[in-house]
Amino acid sequence: MSLRDTGRRVRLRRTGRVPSDACVRHYDELDDDEQGVVRELAGKPWTAPEIGDLDDGDVVKFTDYYQIRSR
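Calculation criteria
- Residues numbered from 1 in each chain as written.
- Predicted model: local features only at pLDDT ≥ 70, side-chain atom pairs only at ≥ 80, totals over all residues.
- Heavy atoms only, no water.
- Helix = DSSP H or I, 4+ residues; strand = E, 2+ residues; numbered from the N terminus.
- Buried < 20%, exposed > 50% of the residue type's maximum accessible area, 1.4 Å probe, protein only.
- Phe/Tyr/Trp six-rings, centres within 6.5 Å; stacked < 30°, edge-to-face > 60°.
- Lys NZ or Arg CZ within 6 Å of the ring centre and 35° of its normal.
- Pairing = 2+ DSSP bridges.
- Contact = heavy atoms within 4.5 Å.
- Axes fitted to C-alpha atoms, helices over the stretch in contact; angles between N-to-C directions.

So, on to the environment of Glu-40. Inspection of the secondary structure assignment puts Glu-40 in helix α1 (residues 32-41). The exposure class of Glu-40 is partly exposed, given its relative accessible area of 45%. Put simply, Glu-40 and Arg-9 are 31 residues apart on the chain and 14 Å apart in space, counted from C-alpha to C-alpha.

Right, let's get into the packing of aromatic side chains. Applying the stated criterion to the full structure yields one aromatic pair. Ring geometry for Tyr-27 against Phe-62: centres 4.6 Å apart, planes inclined by 40 degrees, an arrangement best described as tilted. Of this pair, Tyr-27 sits in the loop between β2 (24-26) and α1 while Phe-62 sits in the loop between β4 (59-61) and β5 (65-70); the two residues are 35 residues apart in sequence, bridging distant segments of the chain. Judged by its relative accessible area of 15%, Tyr-27 falls in the buried class. You can call Phe-62 partly exposed: its relative accessible area is 24%. A cation over a ring is seen here: Lys-61 above Tyr-65, with NZ or CZ 5.1 Å from the ring centre.

As a further point, take the sheet that holds β4. Spatially, the five strands line up as an open sheet ordered β2-β4-β5-β1-β3, and their pairing is mixed. Both edges of this open sheet fall to β2 and β3 (48-49), since each of them pairs with a single strand only. For strand β1 (residues 9-14) and β5, the ladder comprises five bridges, and the chain directions are antiparallel. Paired with Arg-13 across the two strands is Gln-67, which belongs to β5. Its contacts with the sheet place α1 against β1, β2, β3 and β4, and it is angled at close to 55 degrees to β1.

Have a look at this one:
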């Protein structure tokens, strides 16, 4: 997958609770572009262009669990 040109931005928010209906992906499952964005945003209050097939509410297991927030 690559960066989408939707005009939407994503942010990662650390979460200690993973909703039972959330799509959970492990960092190793992500493609290079998605991994780069996760590395860049994890633990930081920054945003980036919407990425690959990660959608609002999805959770990525990286150094902690991070929920994708898209707007």
